[in-house]
Amino acid sequence: MGHDDLPTLELAFPGPERDRGVAAILSGQKTTLTGLLEIYEHAGEAVPVTGQRFWVLDSEGRPAVTIELVDVRVVPMKEIDGDFARAEGRGYSDVAEWRAAHEEFFRSEGVREYLGPTPVIDDDTLVVAERFRVVEPDDSGGP
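Predicted, not measured: the structure shown is a model, and the values here were computed from it.

Q: Please give an account of the environment of Val49 that cites residues and values.
A: For Val49, the location among the structural elements is in the loop between helix H2 (37-43) and strand E3 (53-57). Remark: the alpha-carbon pair of Val49 and Val72, spanning 23 residues in sequence, is separated by 6.0 Å. Dropping the residues within four chain positions of it, Val49 is found in contact with Leu69 and Val72.

Listed below in structure tokens is the structure:
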């Protein structure tokens, strides 16, 4: 499958936050993603599935890297652990830092503008927790 056939994935909003996320993927520091399930539902998008590949776009809308999802779970925020949080590649030392940053983003003006009302963010808020690996578009995953 070539890159023209892949769906795209955009981290956060264009700008410094997206640029840091793409750089963290390219450096190997970032191997997890967290999305608010409510955003998928609002967009009418299916939750991604294990094995699915995406072009991750940079702030200019250009493909920067191809990833393949190796694990996808829909879980309450309270089930995210420190290992997953650190694998976000944003320098979180523990799950409390991950949680604070994600609560801030999920309550941000950009998310509010997209969803309408500010989403309820608490222990039971459902998130899409994804682990991925970097691949080439034509990589079959074999030896």
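Q: Pulling in residues and values, what's your account of the packing of aromatic side chains?
A: For any two aromatic rings, the description comes down to two numbers: the centre-to-centre distance and the angle of the planes. Enumeration according to the criterion identifies 2 aromatic pairs in this entry. Aromatic pair Phe13 and Phe105: ring centres 5.5 Å apart, planes at 45°, arrangement tilted. In this pair, Phe13 is assigned in the loop between strand E1 (8-10) and helix H1 (16-27) and Phe105 in helix H4 (residues 95-106), connecting sequence segments 92 residues apart. Overall, the relative accessible area of 27% leaves Phe105 in the partly exposed class. Three or more aromatic residues joined by ring pairs make a cluster, and in this case those are Phe13, Phe105 and Phe106.

Q: I'd like a rundown of H1, residues and numbers included.
A: Helix length check: H1 (12 residues) gives 16 Å between terminal C-alpha atoms against 16 Å at 1.5 Å per residue, within 8%. Buried-residue contacts for H1 involve E1, E3, strand E4 (63-76) and strand E5 (126-135). Of the residues trailing H1, Gly28 is marked for its positive phi of about 90°.

Definitions and limits used
- Residues numbered from 1 in each chain as written.
- Predicted model: local features only at pLDDT ≥ 70, side-chain atom pairs only at ≥ 80, totals over all residues.
- Heavy atoms only, no water.
- Helix = DSSP H or I, 4+ residues; strand = E, 2+ residues; numbered from the N terminus.
- Contact = heavy atoms within 4.5 Å.
- Phe/Tyr/Trp six-rings, centres within 6.5 Å; stacked < 30°, edge-to-face > 60°.
- Buried < 20%, exposed > 50% of the residue type's maximum accessible area, 1.4 Å probe, protein only.
- Expected span 1.5 Å × (residues − 1).

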